[in-house]
Amino acid sequence: ERPHILVASPTFPEVIAKLRAHFEVEANEGDDVWKGQAFTSRLPGKSGAFLTGAQTVNAEVLAQAPELKIVANMAVGFNNLDVAALEAAGVVGTNTPDVLTETTADFGFALLMATARRVTEAEHYLRAGLWGKWSYDLLLGSEIHGSTLGIIGMGRIGQGIARRGVHGFGMNLIYHNRSQLDAATEAELKAHYAPTKEEVLEKADHVVLVLPYTPAAHHLIGAAQIALMKPTATLVNIARGGIVDDVALAKALQAKTIAAAGLDVFEGEPTVAKELLECSNVVLTPHIASATLQTRLQMAHLAADNLIAFFKEGKPLTPVTQQR
Ligand code: GLV
Ligand code: GLV
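Residues numbered from 1 in each chain as written. Chains lettered and ligands numbered in written order. Predicted model: local features only at pLDDT ≥ 70, side-chain atom pairs only at ≥ 80, totals over all residues.

As a packed pair, helix H1 (residues 13-20) and helix H13 (residues 293-313) sit with axes 10 Å apart at the nearest point and diverge in direction by 10°. By the criterion of interaxial angle, the relationship of H1 to H13 is roughly parallel. Two secondary-structure elements touch here, H1 through Val15, Lys18 and Leu19 and H13 through Ala300, His301, Ala304 and Leu307. Each residue belonging to the contact of H1 with H13 can be placed in one class, and the counts come to five nonpolar, one polar and one charged. (Axes fitted to C-alpha atoms, helices over the stretch in contact; angles between N-to-C directions. Helix = DSSP H or I, 4+ residues; strand = E, 2+ residues; numbered from the N terminus. Parallel < 35°, antiparallel > 145°, perpendicular 65-115°, else oblique. Contact = placed C-beta atoms within 7 Å. Nonpolar A, V, L, I, M, F, W, Y, C, P; charged D, E, K, R; others polar.)

Here is the structure:
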């Protein structure tokens, strides 16, 4: 009998069709993602699952899914997967690295520019009919070219943003990461390695967060860290909600202790802290950094291909778990 697969979040019909060519598929073809009980109640009898970040898989969930062998996340981040619990249960987890790197870096840079140059605030101003006359100081933003870009979390996406900033906009680069870049990459990016994130926060004009979410990264950027930033600085988060204390950030934005922020991810999304919604100097987008047709399609195909490769060859393409 063919393996039974659950597709827990809606995805491209052509990817579901591809899965149906290999598996017995129960696919979510509605509008809402299946999460919580709607997800776990469908796991019994399934040996694989196609997920997005919306479904949590931990020891409790795994206990309800004894047949489960693999969960394939359609995302590069996998903080919804408890890797230790998966490994303990002998279940494979996979993600979708690489296919979204450049697209996500494009968006990180777009958010940096929109934030520094107040693009959405300016549009709201215009749409509200407030543009009555020219003014020398209307919606002044901060410089991007020649300024200092600070990146916290220098993985593939961070390096993509760094390249855009350094080679495209003549920015100076300071970064913090668990490990330092190799010498050739540091030279290419004229990168200054900061042993602490505090140094990046103090020195950068534009700080971009691109680090993976782990419990240790919870509220890594809170009131005390934001207070280290320049009053003219901007902060962009395209990593994960919860890395920034959104309410502390909103307070800093309201008090203008930093100039502006750009956020694609939020703690508790899709709910957004009302304190942020009340700030004018923040650009808010609904977790769309990888959202182009080509990239989302490649992510969905890679998640499906992980399931296919695992059941065909016993080896997934892009695992995040160690196989025994
Ligand atoms: C999106 O946030 C992803 O992790 O791919
Ligand atoms: C994500 O995979 C990253 O490398 O930043």
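That shown, we press on.
A few words on the sheet that holds strand S6 (residues 148-152). Strands sit in the order S8-S7-S6-S9-S10-S11-S12 across an open sheet of seven strands; the sheet is parallel. Of all strands in the sheet, those with a lone pairing partner are strand S8 (191-193) and strand S12 (282-284), marking the two edges. Direction aside, the axes of adjacent strands within the sheet are offset by 15° on average. The sheet contact formed by S6 and strand S9 (residues 206-209) spans four bridges and is parallel. Residue pairing in the sheet places Leu149 in a bridge with His206 of S9. (Pairing = 2+ DSSP bridges.)

Keep in mind these values describe shape, not function.
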